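Structure assessment
Now for the letters of each chain:
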Amino acid sequence: MRAWAVRCWPWTAPAEGGNGQDLGGFAGTTVTGHIVAGLDGPVEEMYYVRLHQNIRILCRIVRELVGIDQSKVFVNGASQGGGLGLACAALNPGLVNRAAILYPFLSDYRLVWELGADLIAYEGLRYYSRWFDPDGTRQDGWFAKLGYIDSKNFAHLVRCPVLFGTGLADEVCPPATQCAVYNNLTCPKRRYLFEGYGHEEIQDFDDLILDFFGREAAEL
């Protein structure tokens, strides 16, 4: 029997970081950011809502695969993959056995906004606000919609052990927004803080993952 690792990084959106063609038919701006793709339409048609649904479909397929040891189905994700990895574990508590999450994106949009960190990965928030809600009168409404794709709101549903890593110099996904996710985890969890590291490869965390998925899982 084989273990199955659902690796959520790099798990990129269409045209993310390069040329592409968006055929999704999302309502609203497509100039910047998949966070706000579909924000002007029904919640169920937002880009990331559909992507979360696709994660559920993927896990249904995994359950049907022959030769998979379903006691060792692991999730590993960083950044966008970290946010999606948390959602994967949350939406499939009977399948995912362990999750290694590094500096998750898609986390606590309201706090990102309050910190003025709506740049780089979160820049869609700033563009959307300035183009479509310059006086802030619709802000509560679109933040409520973003709540459907906020990793913070999935965290309490995770049941498997979680290994969590944060670079304290992360300017892309601020550590405070990651704290909001980690604090909402009620499952067995362990967090490592890496001083001086930003949104980048953290080899020490990679080493921890090997042990977390290897020796520790084998001892269960």
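Residues numbered from 1 in each chain as written. Predicted model: local features only at pLDDT ≥ 70, side-chain atom pairs only at ≥ 80, totals over all residues. Heavy atoms only, no water.

1. Description of the packing of aromatic side chains
This structure, assessed with the given rule, holds 15 aromatic pairs. Put simply, the rings of Trp113, Tyr127, Tyr128, Trp131, Phe132, Trp142 and Phe143 touch in pairs and so form one group of aromatic residues. Arginine 191 extends its terminal NZ or CZ atom over the ring of tyrosine 182, reaching a point 5.4 Å from the ring centre. (Phe/Tyr/Trp six-rings, centres within 6.5 Å; stacked < 30°, edge-to-face > 60°. Lys NZ or Arg CZ within 6 Å of the ring centre and 35° of its normal.)

2. Notes on the UniProt feature "active site" (unreviewed entry) in the protein chain
UniProt records the feature "active site" (unreviewed entry) for Ser79, Asp170 and His199 in the present numbering. For this annotated set, covering 121 residues, all C-alpha atoms fall within 10.7 Å of each other, a compact arrangement in space. Of note, aspartate 170 is situated in the loop between strand 4 (162–167) and helix 7 (175–184). A relative accessible area of 4% places aspartate 170 in the buried class. Contact partners of aspartate 170, with chain neighbours within four places excluded, come to Tyr103, Pro175, Gln178, Tyr197, Gly198 and His199. Considering the arrangement of structural elements, one finds histidine 199 in the loop between strand 5 (189–194) and helix 8 (203–213). On the basis of relative accessible area, histidine 199 is assigned to the partly exposed category, the value being 27%. Histidine 199 has contacts with Ser79, Tyr103, Asp170, Val172 and Cys173, leaving out every residue within four places of it along the chain. A distance of 2.7 Å separates polar atoms of two side chains, one belonging to histidine 199 and the other to serine 79. (UniProt positions renumbered as here; feature names shortened; annotations may be inferred. Helix = DSSP H or I, 4+ residues; strand = E, 2+ residues; numbered from the N terminus. Buried < 20%, exposed > 50% of the residue type's maximum accessible area, 1.4 Å probe, protein only. Contact = heavy atoms within 4.5 Å. Polar contact = N/O pair within 3.5 Å; in protein donor to acceptor, adjacent residues only side chain to side chain.)

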